Amino acid sequence: MQAVIQLLLDRPQLTVVTATNRLSRRLLHEYNQQQLSRGLSAWPTPDILSWSAWIQRHWQQVSLLQDDSALVSLSTSQSLHLWQEIIEADSSELINPQATAQKAQAARQQIIDHALDLQDENIRQWFVYDVDASQWLHWHARYLQRLVDHQWLDLPAITQTVIRSIADNVQPVDRSLCMAGFDALTPLQLQLQQWLIEHDYWIDAPQEQAGSDGHAVLLPADDPSAELLQAANWARQQFEHQWQEGDPPIGIIVPRLEQNRLQIERVFRQVFYPEDGLQTLHEQSLHTQGNREDSVFNISLGYSLKQEPVIAAALKLLALCRRTFSYEDFSQVLRSPFIINAREQQSARSLLDNRLRQKLSAEISLNGVIAAMPTEPIHEFQALLQQLAAMKQAWPGKASAQTWTDCFQQCLSLFGVFGSDDNYQTSYEYQVMQSLDEIWFEFSRLDLVNNTMSLEQAITILSRMINSKIFQSGAGELPVQILGVLEAAGLEFTSLWVMGMTEQNWPPPANPNPFIPLRLQRQYAMPHCSPQHEYEYA
């Protein structure tokens, strides 16, 4: 990393494109620290950005140069919704159309990244003779037709358009470019690299010099849980006795981090803050009770926004707007601490829950709940439900995503789920609400690819988007960073622990895309295509 920083200091007009957002942020932080150490109080911001941000910047320039104002770029969510709509219309018996749509979307990304021409008969025949690939080819033809009919471009097509415009000299390049943190470039990126080399715009990323005092040690552990505890104790020892302010962070690399996040958080919290006696934040009714503003460790991988208790409560409340819903969903709403007057009404609502549980079935409706409410005394929560029922009466049968957004926010406001902005005073709470605002925006943008939808469809789609939204609080540059394997690319650490050095993780098992013929994946060395590829990559 220091070699790239020095390159930026020597070449102020250089653009550095990174493999990940994390690496771009880290490089910018290190660059600023270097300038401060030189006694400077102000300096030009270096041009450091991730690959996706670089593509988006150049796409805006291409649109202006080619006067492509009529073309509309689709977000990943819009593209996924379009894929799912096509797949569901064609294959109604699929158990999990969303997962199928994600694989289909990923297949298109891989095909464009590897510069495969589906009009080439030599390539196309492999798809025709493979059942799953042939089905994908059919879906893809319909997907492309929708893009053409509406003048839409998805992100893979935008990447392809940007690189072609540079190669065809349509898009001018006026700065030298260096790519950092890439283990391997895709064939599409190699086309860009070739053009930059030929026109003297390419700068090779300098090789980092390994520290002379570094050494590696292989430590045994009885099982993964024992190793995790061992790593946490090691990290605390390193932080307390070796790490100093201004040093690179202490790193913990965890294969399959997404599968072990809960356990990792629990163990590191117990080791670093045993005095708290807190459970993990997912095991509490209020997330912020388990969140330390002064924590020295950060788990890079986020988690589904749906796991935030206040967001989960909002989804449970919206479920009450469906034709029918489970009593458990209603019970959780009734006893939720996020509903208006929850503290004052806690005892009364718990008593009401017990009474209704004896009268109602497992699957209920809103009108059924209202009818089962005791007549004396009139419960305050009953008035809320009656207002919700009246509100639903005014809602349309089918509407645009923007209209449903307004309806859902009206419902949440009635029950006081999010209260006022004054209720969210910490940085963490503000970031949760900011993530929800992004969901509202993405959901309303579905109007572009979906004219109208029913209430049931709208709730299902919104729930799916919230579940897919990965929330990661902006913890900043903390001393201990717990990372996945790919996130650590290009980063420097004061000391590093790599977990799970077993044959199950190194190399990981192959995971080819089912919609691209396996022979083509291996021929073009696509990611996860074979055990040999994973071995070489590891």
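Please read these numbers as outputs of a predicted model, since none were measured by experiment.

K.L.:
Could you clarify how one ought to interpret the overall build of the protein in this entry?
P.N.:
A tally of helices and strands in the protein yields 21 helices and 15 strands. Taking 24 Å as the expected radius of gyration for a compact globule of 538 residues, we find that the protein reaches 27 Å, a close match to that expectation. Judged by the C-alpha coordinates and their principal axes, the protein covers about 80 × 60 × 50 Å. A total of 538 residues make up the protein; the buried ones form 46% of that total. If you take every contact in the protein between residues at least 6 apart in sequence, the share linking residues at least 24 apart comes to 73%. Summing over all exposed atoms, the protein offers an accessible surface of approximately 27,900 Å²; the carbon and sulfur share of this is 49%. Each charge class in the protein can be summarised by its mean position, and for the 36 positive and 61 negative side chains these summaries are 7 Å apart.

K.L.:
Looking at this structure, how should I read the environment of His-379?
P.N.:
When you line up the elements, His-379 lands in the loop between α15 (366-372) and α16 (380-394). Setting aside its immediate chain neighbours within four residues, His-379 contacts Gln-345, Ala-348, Arg-349 and Leu-352.

K.L.:
What am I meant to see in the sheet that holds strand β14 (residues 480-483) here?
P.N.:
To summarise the sheet geometry, strands pair through backbone hydrogen bonds and adopt either a parallel or an antiparallel arrangement. Sheet architecture is open: four strands sit in the order β7-β14-β6-β15, paired in parallel fashion. Each edge of the sheet is formed by a strand with only one pairing partner; in this case those strands are β7 (297-299) and β15 (495-498). The mean inter-strand angle of the sheet, taken between neighbouring strand axes irrespective of direction, is 15°. Bridge analysis of strand β6 (residues 250-253) against β14 gives four bridges, and the strand direction is parallel. Bridge pairing in β14 places Ile-252 opposite Ile-482. The strands touched by helix α11 (residues 257-272) are β6, β7 and β14; relative to β7, the strand with the most contacts, the crossing angle is about 165°.

K.L.:
Would you explain the nonpolar core in this entry?
P.N.:
Considering soluble globular proteins, one finds that nonpolar side chains tend to be buried as a cluster. The biggest cluster of nonpolar side chains holds 88 residues, and the ones touching the most others in it are Phe-330, Phe-381 and Phe-443. If sequence neighbours within four positions are ignored, Phe-443 has contacts with Ala-401, Trp-404, Thr-405, Phe-408, Met-453, Ala-458, Ile-461, Leu-462 and Met-465. By size, the runner-up hydrophobic cluster in this structure holds 23 residues, among which are Ile-252, Val-254, Phe-268 and Phe-297.

K.L.:
I tried to follow the state of the cysteines on my own but got confused; where do I start?
P.N.:
Cysteine pairs can be covalently joined through their sulfur atoms, and such a bond is termed a disulfide. One pass over the structure, following the stated rule, counts zero disulfides. Cysteine Cys-407 remains unbridged, with the sulfur of Cys-321 as its closest cysteine sulfur at 9.1 Å. Taking relative accessible area as the criterion, Cys-407 reaches 7% and is therefore assigned buried.

K.L.:
Sorry, what's going on with the sheet that holds strand β5 (residues 177-180) here?
P.N.:
Pairing in this open sheet of three strands is parallel, and the strands run β2-β1-β5 from one edge to the other. Edge positions in the open sheet fall to β2 (47-50) and β5, since each of these has one partner strand only. With direction set aside, neighbouring strand axes in the sheet form an average angle of 25°. Of the pairings in the sheet, the one linking strand β1 (residues 15-18) to β2 comprises four bridges and is parallel in character. Note that in β2 the partner of Thr-18 across the bridge is Ser-50. Relative to β2, helix α2 (residues 21-37) is tilted by about 160°, and along the sheet it contacts β1, β2 and β5.

K.L.:
I keep staring at the packing of helix α17 (residues 401-414) against helix α18 (residues 427-444) and nothing clicks. Help me out?
P.N.:
The relative placement of two packed helices is expressed as an angle between their axes plus a distance between the axes. Running from N to C, α17 and α18 point in directions that differ by 145°, and their axes come no closer than 8 Å. Where α17 approaches α18, its residues Ala-401, Gln-402, Trp-404, Thr-405, Phe-408, Gln-409 and Leu-412 are matched on the opposing element by Trp-440, Phe-443 and Ser-444. Counted by class, the contact of α17 with α18 contains six nonpolar, four polar and no charged residues.

K.L.:
Could you clarify how one ought to interpret the confidence of the model for the protein in this entry?
P.N.:
Regions with low pLDDT carry predicted coordinates that are not meant to be interpreted in detail. Of the residues in the protein, 92% have a pLDDT of 70 or more, and the chain-wide mean is 87. Scored below 50 in pLDDT, residues 279-290 makes 32 contacts in the model with residues more than four places away or belonging to other chains.

K.L.:
Is there a simple way to think about the pattern of salt bridges in this case?
P.N.:
In a structure, side chains of opposite charge can pair up when their charged atoms sit close to one another. This model, assessed by the stated rule, comprises 16 salt bridges. Here Arg-261 and Glu-265 are joined by a salt bridge, their closest N and O atoms 3.7 Å apart. In this pair, Arg-261 and Glu-265 both sit in helix α11, four residues apart, roughly one turn of the helix. Residue class for Arg-261 comes out buried when judged on its relative accessible area of 12%. On the basis of relative accessible area, Glu-265 is assigned to the buried category, the value being 3%. Close ionic contact of Glu-328 with Arg-357 constitutes a salt bridge, the shortest N to O distance being 2.8 Å. Of this pair, Glu-328 sits in helix α13 (residues 327-334) while Arg-357 sits in helix α14 (residues 346-359); the two residues are 29 residues apart in sequence, bridging distant segments of the chain. By relative accessible area, which is 35% here, Arg-357 ends up partly exposed.

K.L.:
Sorry, what's going on with the packing of helix α3 (residues 51-65) against helix α8 (residues 155-167) here?
P.N.:
In the contact formed by α3 and α8, the axes pass within 9 Å of each other and the chain directions differ by 65°. Judged by the angle between their axes, α3 and α8 are roughly perpendicular. The element α3 and its partner α8 pack so that their crossing is left-handed. Residue-level inspection shows Trp-51, Trp-54, Ile-55, Gln-56, His-58, Trp-59 and Val-62 of α3 in contact with α8, the latter providing Leu-155, Ile-158, Thr-159, Thr-161, Val-162, Ile-163, Ser-165 and Ile-166. Taken together, the residues that form the contact of α3 with α8 break down as 10 nonpolar, five polar and no charged.

K.L.:
Before we go on, may I ask you to explain unusual backbone geometry in this structure?
P.N.:
Excluding glycine, most residues fall at negative phi; most peptide bonds, likewise, are trans. Following Trp-506, the chain continues into Pro-507 via a peptide bond in cis, with omega recorded as 0°. Positive phi, close to 55°, is recorded for Gln-151, a residue that is not glycine. Within the element layout of this structure, Gln-151 appears in the loop between α7 (131-150) and β4 (152-153). The class for Gln-151 is partly exposed, based on a relative accessible area of 42%. Unlike most non-glycine residues, Arg-256 shows phi in positive territory, near 55°. Exposure remark for Arg-256: the relative accessible area of 34% places this residue in the partly exposed category.

The rules behind each value
Residues numbered from 1 in each chain as written. Predicted model: local features only at pLDDT ≥ 70, side-chain atom pairs only at ≥ 80, totals over all residues. Heavy atoms only, no water. Helix = DSSP H or I, 4+ residues; strand = E, 2+ residues; numbered from the N terminus. Rg over C-alpha atoms; globule rule 2.2 N^0.38 Å. Buried < 20%, exposed > 50% of the residue type's maximum accessible area, 1.4 Å probe, protein only. Contact = heavy atoms within 4.5 Å. Areas by Shrake-Rupley, 256 points an atom, 1.4 Å probe, with all protein chains shown as cover. Lys, Arg positive; Asp, Glu negative; His and termini not counted. Charge placed at Lys NZ, Arg CZ, Asp CG, Glu CD. Pairing = 2+ DSSP bridges. Axes fitted to C-alpha atoms, helices over the stretch in contact; angles between N-to-C directions. Core = buried A, V, L, I, M, F, W, Y, C linked by side-chain atoms within 4.5 Å. Disulfide = S-S within 2.5 Å. Nonpolar A, V, L, I, M, F, W, Y, C, P; charged D, E, K, R; others polar. pLDDT = per-residue confidence, 0-100. Salt bridge = Lys/Arg side-chain N within 4 Å of Asp/Glu carboxyl O. Parallel < 35°, antiparallel > 145°, perpendicular 65-115°, else oblique. Left-handed = near helix turned anticlockwise from the far one by under 90°.

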